[in-house]
Amino acid sequence: MEPGSPRGLTHLSKCGILRDFIAEELNLAARDIIEEMERTMADYEVKTSELKQEIEEQRRQLEYLQPEGSSENTRKRPRSQMWEHFELIGPNRLQCLLCPQQLSYNNNTSSMMRHFKAKHDGILETDYDKKHDLDQALVNLVVKDSQPCSIVEDRGFRDFVKKLDPSYALPSKQALKKMVDDRYQEEKADAQAQLREAEAVSLTVDLWTSADTRLAVACHYVLENSKLATVLLGVLPFPQNHGPTDVADAQRTLMAEWGLEGKVKCLVSDTTPAMVAAADDLALPHVECIAHALNGVVRRALDKTAGLKGLRRRAGEVVALFRSSAAAKEKLRSKQQKLALPVTKLVREESSRWTSTFLMLQSLLDARRAVGSALTALGAKVEPLSCDESETSAACLQVLKPFYTATVEMSEQKRVLGSMGIPLVKMLLLATEEVAEESDNVTAELLGQNLSAGLRREFDGLEENPVLSLATLLDPRFKTIGFRCQEKAQQAVQTLTAECAALVRPAADRPTERPAQQTSTAFNLWKSLDDQASMVRTHSNATADATLEVQRYMTDPPLERSQDPLVYWKEHKNIYPHLFSLAKKHLCIPASSVPFERVFSKAGDVFSRKRNRLSPKAAEKILLLNKNI
């Protein structure tokens, strides 16, 4: 076979594929062997640490028994706390100082600890309990502060711990890894137990693209005590060239691993084609993240408003000068102090975040006098904003302020309920139209028109979304007053009544005991009609009961907006039992995935220079614990 022939090339290609396959299998086998060795070493280190503790304790007791001054050059070791409650009354006898009991003594504290556990439990924190608590605090340090397990090998850290508690023996690196893994298994088991009890859950999904791509999935649900809970299901490495099928398959795998089949109410994410198509593939309702949607609306409105383009460019030039020059920065600080103004930095605009545009214009407006004076003193070619430009900035900031307030509110809250989406859009439209009408600045008025048009275009079908409309109705702070269109609000009430009736009906359909009747072979002419009439009566009663429950709830006065809707439902679950069940399903839906996206900023800390060889599974464990403890 000639090397350059087609058959030769095919043979070489097959050899290459086979070689790559064998190499991949060898790498996987090597990784499994290394992980098994690490587990074995961790177990060995734990046992060694326990043995060291026992030897250390025996040394302390021997030193205690030495006559005073017999070893002046010997460094005194700290005694066990047990000796504060026992007295040595003979070579092999101990007297408990808390009771008349005498114990045998064999040069260790084992008998003391057993006696304390049996007779005086709770009086003294034993050495074992103290070590366990310190070990768990060390695990928290690694997880919360994204520290590598090798921190226990750092001399400075070891000296610091020794000063704090000389009796505490730090675990080895491998033992600490095993502690982190054990904590992960405990937390995961607890979360899975909670999810088994949850009636419904919702998912938030996002992709992080940096040096590599990762998919993060979080689950939101209502606990038995009517509190909202979130658990990070996974942070998975992802191919750069991924498609909707990859996203859907990854979510399907996590749903199966956590036992969520049939419980997922909806999927919240941005509106990238891959995310929307993945939701369709999974047959799940898709809800757009309102924070992402608002960010797009404002960015497009800013770009579309012609009068703002030149203003933003000019403002950016001024900020760039003071951000890039140390002399200019110091001059600005000096002028701010002389004018009795707050010493603040100017904010640079970033294309990905419209809030940076707001903050840039606001910072320039607040420091206008100091900026102008500093530029004059520096003799810079860049000129400060003119009076007209400053007036336009102030007018546009007034138009943008409702959007900035909404964005900050959503980013600061730990969880934003999906029930806020419809009322939030309603209030933004009202505020934007009011401010634009009151403004006499042409650019600000045009910006307000662009924002209103963008809101209506982006959220045109929001009140028709069954997931969000029912969530709004079931939020006792909003109910129907959260809707702009009352006709759509009433349609949502009808849908809610139908869902409530579906819950009432199974109770009405339960068979009731009837008196035993004598069997008859006679033909029942009216059986079909009687069955149909019974069904109509049952359904009619269920609909009437559901209508009454919904109407009673709707006529209750709304809650204060600052109050927790889940607390309301906990207090009213016996008054509105079927609506309470529906509330737990619909109020677990978040309006935004922005608070959850902080997991990606934490991921940047986890994959630090000291942890650049961290395996994907180990990183996932650290991130899950970081979000859940």
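Residues numbered from 1 in each chain as written. Predicted model: local features only at pLDDT ≥ 70, side-chain atom pairs only at ≥ 80, totals over all residues. Heavy atoms only, no water.

Caption draft 1: Seen up close, the overall build of the protein. Helix and strand counts for the protein stand at 22 helices and eight strands. For the protein, long-range pairs separated by at least 24 residues make up 65% of all intrachain contacts whose partners lie at least 6 apart in sequence. Carbon together with sulfur atoms contributes 52% to the accessible area of the protein, which is approximately 35400 Å² in total. (Helix = DSSP H or I, 4+ residues; strand = E, 2+ residues; numbered from the N terminus. Contact = heavy atoms within 4.5 Å. Areas by Shrake-Rupley, 256 points an atom, 1.4 Å probe, with all protein chains shown as cover.)

Caption draft 2: Focus on empty space enclosed by the protein. Under the definition given, this model contains two cavities of 30 Å³ or more. Here the largest cavity is characterised by a volume of approximately 90 Å³. In this structure, the largest cavity is lined by Val318, Leu364, Leu365, Arg368, Val371, Gly372, Pro384, Leu385, Ser390 and Ser393. Of all the secondary structure elements, the ones that give two or more residues to the lining of the largest cavity are helix 11 (354-366), helix 12 (368-378) and helix 13 (387-412). Of the residues forming the lining of the largest cavity, the biggest block, three residues, is contributed by helix 12. Here the lining of the largest cavity is composed, by residue class, of six nonpolar, three polar and one charged. Considering only enclosed or pocket space, the second largest cavity measures out at about 30 Å³ in volume. Forming the walls of the second largest cavity are His220, Leu228, Arg415, Val416, Leu417, Cys588, Ile589 and Pro590. Taken together, the residues that form the lining of the second largest cavity break down as six nonpolar, one polar and one charged. (1 Å grid on protein atoms, 1.4 Å probe; cavity = no way out; pocket = protein on both sides within 12 Å on 5 of 7 lines; lining within 4 Å. Points joined across faces, edges and corners; volume = space filled by probe spheres on them. Nonpolar A, V, L, I, M, F, W, Y, C, P; charged D, E, K, R; others polar.)

Caption draft 3: Region of the structure containing helix 15 (residues 442-458). For helix 15, which comprises 17 residues, the first-to-last C-alpha distance of 24 Å matches the rise-based estimate of 24 Å (1.5 Å per residue) to within 8%. When helix 15 is considered as a whole, its buried residues turn out to be Thr443, Ala444, Leu447, Gly448, Asn450, Leu451, Ser452, Gly454 and Leu455. Structurally, the start of helix 15 carries an N-cap: the backbone nitrogen of Thr443 is 3.0 Å from a side-chain oxygen of Asn441. (Expected span 1.5 Å × (residues − 1). Buried < 20%, exposed > 50% of the residue type's maximum accessible area, 1.4 Å probe, protein only. Polar contact = N/O pair within 3.5 Å; in protein donor to acceptor, adjacent residues only side chain to side chain.)

Caption draft 4: Spatial organisation of the nonpolar core. Ranked by size, the top nonpolar core spans 87 residues in total, and within it Trp569 and Leu579 carry the most contacts. In this structure, Leu579 is in contact with Leu474, Leu496, Cys500, Glu549, Val550, Tyr553 and Trp569, ignoring residues within four places of it in sequence. Phe157, Val201, Val205 and Ala274 belong to the second-largest nonpolar core, a separate cluster that totals 51 residues. (Core = buried A, V, L, I, M, F, W, Y, C linked by side-chain atoms within 4.5 Å.)

Caption draft 5: Region of interest: the packing of helix 9 (residues 306-324) against helix 11. Put simply, helix 9 and helix 11 touch, their axes get as near as 10 Å, and they point 65° apart. When the interaxial angle is binned, helix 9 and helix 11 end up roughly perpendicular. Here helix 9 runs over helix 11; the crossing is left-handed. Taken together, the residues of helix 11 that come into contact with helix 9 (itself represented by Leu311, Arg312, Ala315, Gly316, Val318 and Val319) are Thr357, Met360, Leu361 and Leu364. Classifying every residue of the contact of helix 9 with helix 11 gives seven nonpolar, two polar and one charged. (Axes fitted to C-alpha atoms, helices over the stretch in contact; angles between N-to-C directions. Parallel < 35°, antiparallel > 145°, perpendicular 65-115°, else oblique. Left-handed = near helix turned anticlockwise from the far one by under 90°.)

Caption draft 6: Structural view of the packing of aromatic side chains. Per the stated rule, a full pass over the model turns up seven aromatic pairs. Ring geometry for Tyr553 and Tyr576: centres 5.9 Å apart, planes at 75°, overall edge-to-face. Of this pair, Tyr553 sits in helix 18 (residues 527-555) while Tyr576 is found in the loop between helix 19 (565-571) and helix 20 (577-586), placing the two residues 23 residues apart along the sequence. For Tyr553, a relative accessible area of 0% puts it in the buried group. Judged by centre distance (5.3 Å) and plane angle (85°), the ring pair of Tyr568 and Trp569 falls under edge-to-face. An aromatic cluster is present here, built from Tyr553, Tyr568, Trp569 and Tyr576 joined pairwise through their rings. When the ring centre of Tyr553 is taken as reference, the NZ or CZ atom of Lys479 above it lies at 4.4 Å. (Phe/Tyr/Trp six-rings, centres within 6.5 Å; stacked < 30°, edge-to-face > 60°. Lys NZ or Arg CZ within 6 Å of the ring centre and 35° of its normal.)

So, to be careful, I would describe these as geometric facts and stop short of saying anything about function.
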